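Listed here are the chains, written in short residue letters.
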Amino acid sequence: MRSDLAAAPAGTGTDTHCPYCALQCGMTLRRSTSGSTSGGGTGLEVAERPGFPVNRGALCVKGRTATEVLAPHARLTRPLVRRPSSGELEPAEWDEALDLVAAALTRTRAEHGPDAAGVFGGGGLTNEKAYALGKFARVVLGTSQIDYNGRFCMSSAATAGTRAFGVDRGLPFPLADVARTDCVVLVGSNLAETMPPALRHFTELRERGGTLIVVDPRRTRTAEQADLHLAPRPGTDLALALGLLHLIIAEGRIDSEYVESRTTGWAGARSAAMAHWPELVERVTGVSVPELRRAARLFGDAEHAMVLTARGPEQQSKGTDTVGSWINLCLATGRPGRPLSGYGCLTGQGNGQGGREHGQKADQLPGYRRLDDPAAREHVAQVWGVDAASLPGPGRSAYELLDALGGDVRTLFVAGSNPVVSAPHASHVEQRLRALDFLAVCDVVLSETARLADVVLPVTQWAEETGTTTNLEGRVLLRRKAADPPAGVRTDLEVLEELAARLGWEKGFPAAPEEVFDELRRASAGGPADYSGISYERIAAEDGVFWPCPEGSRDEGTGVTSPHPGTPRLFLDGFATPDGRARFVPVMHRPAGEEPDEGYPLRLTTGRVLSQYQSGAQTRRVGVLNEAAPGPFVELHPRLAGRLGAKDGDSLAVVSRRGRAVAPARITRGIRPDTVFMPFHWDGEGRANSLTNPALDPDSRMPEFKVCAVRVELAEAAKDEQPSTPVELASPGASGPSGAPGGAPPPAA
Ligand SMILES: Nc1nc2c(c(=O)[nH]1)N[C@H]1C(S)=C(S)[C@@H](COP(=O)(O)OP(=O)(O)OC[C@H]3O[C@@H](n4cnc5c(=O)[nH]c(N)nc54)[C@H](O)[C@@H]3O)O[C@H]1N2
Ligand SMILES: Nc1nc2c(c(=O)[nH]1)N[C@H]1C(S)=C(S)[C@@H](COP(=O)(O)OP(=O)(O)OC[C@H]3O[C@@H](n4cnc5c(=O)[nH]c(N)nc54)[C@H](O)[C@@H]3O)O[C@H]1N2
Ligand code: SF4
Ligand SMILES: [Mo]
């Protein structure tokens, strides 16, 4: 029985997955034991689920406290409508709220055309929701203007992966393979804080005698685990990878047989690397030649080796080429498509992988098909029962869409993102949101973006609904319903169903998750991310199924259909390119969108802390997490603090060309002296994204969250309007990485 799978077995608990990151740790939700206050009074608690192979029972503090956001006091339970009389958001009935949203969309379309209605989605939405949102935009609204926050996340890795291998799946192998390889280079990932249970695979690697190399401008908790920590200047990974390839060529460690038989384009990549000799790379990156040599040998000599990237190298205006340069290093040494080896991206959001496959991206149709591919349009149009010619073409990328609000995009529908906190140049984005004719936000909580809305629609969350997510390994998982939602909230799928009906879509918009999944399977059939052989039953029975998983093949002789096993490991027989070969793409280093200068002499980089998630919309509502990470801070080196006359905890103003943010100083030797770091989880005066640069990568359209030019001042002095005293770098180059490693660890988050 289908519905049985989705229901919570009374007493025993329900096996499901965490609402937060892309590790999608397995967990069991069960009724709290009496007297327990866990779960914020929801009566539910999180228990270990040791059988799930990705996290084997381990959970981080966010996962363990996830049920608190289910509590009625933490979240929205009624629609809100902005009343002209008060100008305030006030509770309303569902019918009124939905009518208002439908009327605004209709008016906008009538007055300004279909492309004036925009949709902004999120990588935390289930596959079913992402699929329905994309379909809603294309067939009900007929708009090309849809994109989502995944564009801010791993899109550069996705673009580079597709360019090199013909398909993009975050990890082309199960995460557990990490423990059995010989050398891993972890580039710009702080997984000890961002995916703590994943660390065990890396610890096992080291216990087996393998080597971990971490590339991060900060000596993070992750870097502390490394055998070798390289601390480049933010925004210089491209040069670093080219420098390593240069050394690997010079030292004769190229796998010529592999290059010859499995790749194309080596000559161009080779000459690009030859132009990046070690001394030049040291000057650009601040990583010394001996360290470069050591890394090149460790990686080059390892029998099996992997490079894994995360947001550090990806969130750059040259993120695609940067990831491309790390892929080239892997290809030249014969890694991708070989056992226990290759390149992978550690995708971030709960459904960061599936969210990028099923059509909420501006250029994409379900199954990871391209919107500009005539055959793909035909196939999907047929599943949707529309004429392929009626489907709009590709639209704008996330930041470009936000930038167009109030211009040619007049009404926006947001589901699953909080761009007021998380978009680059957030003050500008906030102003654009305010310039809209109408803003509708579907959310679980009253996020900073929802606060600006004309209508807020309260929706159910993970444990209150069934759906699938696809984790960072490409493993499709089933999140089961474990609790009834509060009266007064609806699912995103029901919201889309209701809106579609109000907008005159007569074919019906399924709202039952499994029905949506079945349609998604058909739409994805034959595409790169083929889910057609995956069912809720299979996922439940098999701890997830790896895509591609086409429908099973029928033996004509016996008449028996054997199911496709799914694909835990990609590329073993060939790459997803027309000729089956991986492509080297020649890439050259180039500066960041904004380099330090006299007025803004430092580099700002941004990222995460363990106890907050993303824009903080969810985790700032959980007591334990807030106590652990109560607010923003500015991490800086003692040498820089000394020049500023700043002590730990002093209020610092960080100023970029776009704005100013104020937060207390956190002084640590674990950061380069020429770099400051801020986490981005908060709104208000400490909002890191007031500073960040929306310079976009030309290929992935990913903004440059990881580097912009700033100056830092004592906030008090700045307030008194004293002339700012820009801090100068001691001696660029000489600062090297020496300021980073070896010092005290950063304070606990
Ligand atoms: N606790 C927590 N966990 C999360 C999230 C969260 O918000 N909080 N979010 C989830 C999501 S969506 C994502 S995308 C992942 C992100 O996971 P990560 O990529 O691990 O997170 P970040 O902190 O953004 O960046 C990682 C590291 O990049 C470094 N870095 C900065 N600039 C550069 C650079 O130029 N080059 C290099 N090599 N490194 C650089 C930073 O110092 C930082 O330590 O985490 C997921 N998990
Ligand atoms: N400076 C800086 N900025 C960054 C980054 C960085 O490293 N530095 N990282 C970027 C990255 S990698 C990411 S992924 C983005 C993420 O940034 P956001 O897109 O803002 O991500 P969240 O905070 O997860 O927002 C998700 C919203 O959806 C709501 N929500 C949760 N579940 C559901 C659901 O099922 N349905 C609906 N309708 N809503 C739901 C949540 O309550 C929350 O308000 O931030 C980016 N911004
Ligand atoms: S690591 Fe990610 S998926 Fe696992 S418990 Fe923590 S937030 Fe949840
Ligand atoms: Mo992300």
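Residues numbered from 1 in each chain as written. Chains lettered and ligands numbered in written order. Predicted model: local features only at pLDDT ≥ 70, side-chain atom pairs only at ≥ 80, totals over all residues. Heavy atoms only, no water.

A. Broad picture of empty space enclosed by the protein. Inspection of every chain in the model, using the stated rule, returns 12 cavities of 30 Å³ or more. If you add up the space inside the largest cavity, you get close to 760 Å³. Contributing to the lining of the largest cavity are 44 residues, with Asn 149, Gln 349, Gly 416, Ser 417 and Gln 618 lying nearest its centre. Residue assignment for the lining of the largest cavity shows that the elements contributing at least two residues are strand E17 (438-443) and strand E25 (602-607). A per-class count over the lining of the largest cavity returns 15 nonpolar, 21 polar and eight charged. What the second largest cavity holds in volume is close to 530 Å³. Forming the walls of the second largest cavity are 38 residues, and the residues nearest its centre are Gly 188, Asn 190, Thr 194, Arg 311 and Arg 608. Contributing elements (two or more residues each) for the lining of the second largest cavity: helix H6 (191-194), helix H14 (311-314) and E25. (1 Å grid on protein atoms, 1.4 Å probe; cavity = no way out; pocket = protein on both sides within 12 Å on 5 of 7 lines; lining within 4 Å. Points joined across faces, edges and corners; volume = space filled by probe spheres on them. Helix = DSSP H or I, 4+ residues; strand = E, 2+ residues; numbered from the N terminus. Nonpolar A, V, L, I, M, F, W, Y, C, P; charged D, E, K, R; others polar.)

B. Here's a closer look at the environment of Val 46. One can find Val 46 in strand E3 (residues 44-47). Considered as a pair, Val 46 and Leu 59 are 13 residues apart in the sequence and their alpha carbons are 9.5 Å apart. Once residues within four sequence positions are removed from consideration, Val 46 is found in contact with Met 27, Thr 28, Leu 29, Leu 59, Gly 63, Arg 64 and Thr 67. (Contact = heavy atoms within 4.5 Å.)

C. How the structure looks around the confidence of the model for the protein. Confidence in the prediction of the protein, expressed as mean pLDDT, is 93, and 93% of residues score 70 or more. Ignoring residues within four places in sequence, the model shows residues 1-10, a span with pLDDT below 50, making 15 contacts including any to other chains. (pLDDT = per-residue confidence, 0-100.)

D. Focus on the sheet that holds strand E1 (residues 14-17). Taken together, the three strands give an open sheet; going across it, the order is E1-E2-E3, and neighbouring strands pair in antiparallel fashion. The sheet is open, and its two borders are formed by E1 and E3, each paired with just one other strand. Taking each pair of neighbouring strands and ignoring which way they run, the sheet shows an average axis angle of 40°. Bridge count between strand E2 (residues 26-31) and E3: four bridges; the pairing is antiparallel. Each residue of the ladder has a partner; that of Leu 29, found in E3, is Val 46. (Pairing = 2+ DSSP bridges. Axes fitted to C-alpha atoms, helices over the stretch in contact; angles between N-to-C directions.)

E. Structural context of unusual backbone geometry. Along the chain, Trp 547 connects to Pro 548 via a cis peptide bond; the corresponding omega equals -5°. Examined against the element boundaries, Pro 548 turns out to sit in the loop between strand E21 (545-546) and strand E22 (553-554). Even without a glycine there, the phi angle at Gln 614 is positive, about 55°.

F. Spotlight on the packing of aromatic side chains. In the structure shown here, the tally under the stated rule is 12 aromatic pairs. Ring pairs connect the aromatic residues Phe 120, Phe 152 and Phe 705, which therefore count as one cluster. The ring of Phe 677 is capped by Arg 218, whose NZ or CZ atom sits 3.6 Å from the centre of that ring. (Phe/Tyr/Trp six-rings, centres within 6.5 Å; stacked < 30°, edge-to-face > 60°. Lys NZ or Arg CZ within 6 Å of the ring centre and 35° of its normal.)

G. View of the pattern of salt bridges. Counting across every chain of the model gives 51 salt bridges. The residue Glu 257 makes a salt bridge to Arg 338 at a minimum N-O spacing of 3.9 Å. With Glu 257 in helix H10 (residues 256-262) and Arg 338 in the loop between helix H15 (319-332) and strand E13 (342-345), the pair connects residues that are 81 residues apart, well separated along the chain. Sharing partners across several salt bridges, the network here consists of Asp 95, Asp 99, Arg 490, Glu 498 and Arg 502. (Salt bridge = Lys/Arg side-chain N within 4 Å of Asp/Glu carboxyl O.)

H. Representation of the site of ligand 1 in the model. Taken together, 33 residues are adjacent to ligand 1, and Asp 216, Asp 237, Arg 608, Gln 612 and Gln 614 come closest. Here Arg 608 contributes a side-chain N or O atom positioned 2.6 Å from an oxygen atom of ligand 1. Summarising the interface, the protein chains cover 100% of the accessible area of ligand 1, which totals 900 Å² for the free molecule. Counting residues per element, the ones that place at least two in the shell around ligand 1 are H6, H14 and E25. (Near = heavy atom within 4 Å. Polar contact = N/O pair within 3.5 Å; in protein donor to acceptor, adjacent residues only side chain to side chain. Areas by Shrake-Rupley, 256 points an atom, 1.4 Å probe, with all protein chains shown as cover.)

I. The arrangement of the side chain of Thr 692 in detail. Following the sequence through the fold, Thr 692 ends up in the loop between strand E29 (675-679) and strand E30 (693-696). For Thr 692, a relative accessible area of 1% corresponds to the buried category. Among residues more than four places away in sequence, those in contact with Thr 692 are Ala 423, Pro 424, His 425, Thr 606, Arg 658, Phe 705 and Cys 708. (Buried < 20%, exposed > 50% of the residue type's maximum accessible area, 1.4 Å probe, protein only.)

J. Quick look at the sheet that holds strand E5 (residues 89-91). Taken in spatial order, the seven strands of this open sheet run E5-E4-E18-E17-E16-E6-E7, and their pairing is mixed. In this open sheet, the two edge strands, each paired with only one partner strand, are E5 and strand E7 (146-148). Neighbour-to-neighbour, the strand axes of the sheet open up by a mean angle of 20°, direction not taken into account. By the bridge criterion, three bridges tie strand E6 (residues 117-121) to E7 in an arrangement that is parallel. Across the sheet, the residue bridging to Val 119 is Ile 146, located in E7.

K. Expanded view of the environment of Arg 31. Along the chain, the position of Arg 31 falls in strand E2. For Arg 31, a relative accessible area of 52% puts it in the exposed group. Through-space distance from the C-alpha of Arg 31 to that of Gly 300 is 52 Å; in sequence the pair is 269 residues apart.

L. Summary view of the layout of surface pockets. Here the largest pocket defines a volume of roughly 460 Å³. If you trace the largest pocket, you find 21 residues lining it, with Thr 162, Lys 361, Asp 363, Tyr 368 and Arg 370 closest to the centre. Those elements giving two or more residues to the lining of the largest pocket turn out to be helix H5 (155-165), strand E15 (369-370) and helix H16 (374-384). Among the elements that make up the lining of the largest pocket, the one with the highest residue count is H5 (five residues). Taken as a whole, the second largest pocket holds about 200 Å³ of empty space. Forming the walls of the second largest pocket are 18 residues, and the residues nearest its centre are Glu 464, Glu 465, Thr 491, Glu 494 and Pro 513.

M. Layout of the environment of Pro 374. If you trace the backbone, Pro 374 turns up in helix H16. Its relative accessible area of 59% is what places Pro 374 among the exposed residues. Distance from Pro 374 to Leu 477, taken between C-alpha atoms, is 31 Å for residues 103 residues apart in sequence.

N. Main features of the pairing of strand E18 (residues 455-458). In E18, alternate side chains face the same way, and those of Val 455 and Leu 457 on one face and Val 456 and Pro 458 on the other are all buried. Two elements, strand E4 (residues 80-82) and E18, share two bridges in a ladder whose sense is antiparallel. Residue pairing in the sheet places Leu 80 in a bridge with Val 456 of E18. By the bridge criterion, four bridges tie E17 to E18 in an arrangement that is parallel. Across the sheet, Cys 442 pairs through a bridge with Leu 457, a residue of E18.

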